[in-house]
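# Residue-level structure breakdown
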Amino acid sequence: MRFAAIADVHGNHLALEAVLADIRAQGIADIVNLGDMLSGPLDARRTIEILMQLAAVHVLGNHDRYLLDRPAEKMGSWDRPAYEALNAAQLDWLRAQPMRRVFREQVFLCHATPDDDEVYWLDTVHPDGTVALSPLDRIEQFAQGVAQSLILCAHTHLARAVRLRDGRLIVNPGSVGSPGYRDVHPFPHVVEAGTAHARYAILELIDGAWQVTFRQVVYDHEAMAALARHNGQPELANALGTGWIK
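So, here is what we can say about the structure in this document. As the structure is a computational prediction, the values presented were derived from the model and not from experiment. (Residues numbered from 1 in each chain as written. Predicted model: local features only at pLDDT ≥ 70, side-chain atom pairs only at ≥ 80, totals over all residues. Heavy atoms only, no water.)

This paragraph deals with the pattern of salt bridges. Applying the stated criterion across every chain, the model contains 16 salt bridges. Glu-204 is paired through a salt bridge with Arg-2; the nearest N and O atoms lie 3.7 Å apart. In this pair, Glu-204 is assigned in strand E13 (residues 198–206) and Arg-2 in strand E1 (residues 2–6), connecting sequence segments 202 residues apart. The exposure class of Glu-204 is partly exposed, given its relative accessible area of 29%. (Salt bridge = Lys/Arg side-chain N within 4 Å of Asp/Glu carboxyl O. Helix = DSSP H or I, 4+ residues; strand = E, 2+ residues; numbered from the N terminus. Buried < 20%, exposed > 50% of the residue type's maximum accessible area, 1.4 Å probe, protein only.)

If you want it as structure tokens, here you go:
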């Protein structure tokens with residue numbers, strides 16, 4: 001089995017198009033999408049048009065859920081512009097996607113953790129705002145009850161792979177469309193990928209063991225940075241242009 005995992009597109013259709021072209025160039029047909037597809041001050045309409053035509057397996061992220069479970073006036077600055085760009089059929093397509101699922105019996109898919117789409121799985125935010133790899137005991141606690149040998153999550157936008165003591169592998173493919181962001185939960189912090197590239201992962205089962213290859217893809221990130229700046233999001237514009245918030 002060999003397939004690609006994408007996540008956290010956040011309305012960045014140019015990054016998505018570049019990643020899909022790279023996936024095709026690698027000779028890969030199967031794709032799983034781990035959510036947070038649309039929210040952001042970029043182009044949610046074009047992004048969902050691409051995703052709806054894509055033969056892929058999707059799960060919802062927390063920002064996808066925000067587009068469905070609250071009125072527009074209660075949405076945040078990344079969600080409301082995306083919601084206003086979507087039509088009823090596109091929202092219905094989004095609503096039909098599950099929060100978690102199993103791919104080909106061997107791969108568990110979720111956005112953040114199996115039971116909470118807002119909790120970081122592989123990383124911990126410390127009170128001083130430092131974001132660091134979580135202790136293995138904490139990582140394994142969230143994996144209890146997951147039978148699959150490969151577990152895919154997203155949400156932090158940071159590409160990581162962690163091997164559990166029982167041999168299972170947990171992989172976060174990184175973010176296709178947002179290499180940096182600021183958040184306040186559970187403590188104020190920033191996440192920065194350090195480059196402007198679009199990211200995804202290739203997963204392959206070889207001789208009974210999962211192997212992961214992380215890919216970074218060059219695309220016209222300056223165009224997306226300019227769009228974010230035009231839409232009043234200078235921090236995101238800087239992240240899109242450089243990989244850094246500051």
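One can find Gly-241 in helix H8 (residues 234–242). When the C-alpha positions of Gly-241 and Asp-166 are compared, they lie 40 Å apart, and in sequence the two are 75 residues distant. The residues touching Gly-241, leaving out its near neighbours within four places in the chain, are Ala-196, His-221, Glu-222 and Ala-225. (Contact = heavy atoms within 4.5 Å.)

Time to look at the sheet that holds strand E14 (residues 209–217). As a general point, the strands of a sheet are linked pairwise by backbone hydrogen bonds and lie either parallel or antiparallel. Reading across from one edge, E3-E2-E1-E13-E14 is the order of the five strands in this open sheet, with mixed pairing throughout. On the outer flanks of this sheet lie strand E3 (57–58) and E14, each paired with one strand and no other. Alignment of E1 against E13, held across four bridges, turns out to be antiparallel. Within E13, the position partnered with Arg-2 by the bridge is Glu-204. (Pairing = 2+ DSSP bridges.)

The next thing to look at is helix H5 (residues 88–95). Turning to H5, its buried residues are Gln-90, Leu-91, Trp-93 and Leu-94. When H5 is viewed along its axis, its buried side chains cluster within an angular range of 155° and face the same direction. Elements in contact with the buried residues of H5: helix H2 (44–53), E3, helix H3 (62–66) and helix H4 (79–85). (Arc of directions from axis to C-beta.)

Once that is clear, we can look at the layout of surface pockets. Computed from the structure, the largest pocket encloses a volume of approximately 710 Å³. Taken together, 28 residues make up the lining of the largest pocket; nearest its centre are His-63, Tyr-181, Arg-182, Asp-183 and Val-184. Mapped onto the lining of the largest pocket, the elements with two or more residues apiece are H3, strand E6 (123–125), strand E11 (180–183) and H8. Split into classes, the residues belonging to the lining of the largest pocket amount to 10 nonpolar, 10 polar and eight charged. (1 Å grid on protein atoms, 1.4 Å probe; cavity = no way out; pocket = protein on both sides within 12 Å on 5 of 7 lines; lining within 4 Å. Points joined across faces, edges and corners; volume = space filled by probe spheres on them. Nonpolar A, V, L, I, M, F, W, Y, C, P; charged D, E, K, R; others polar.)

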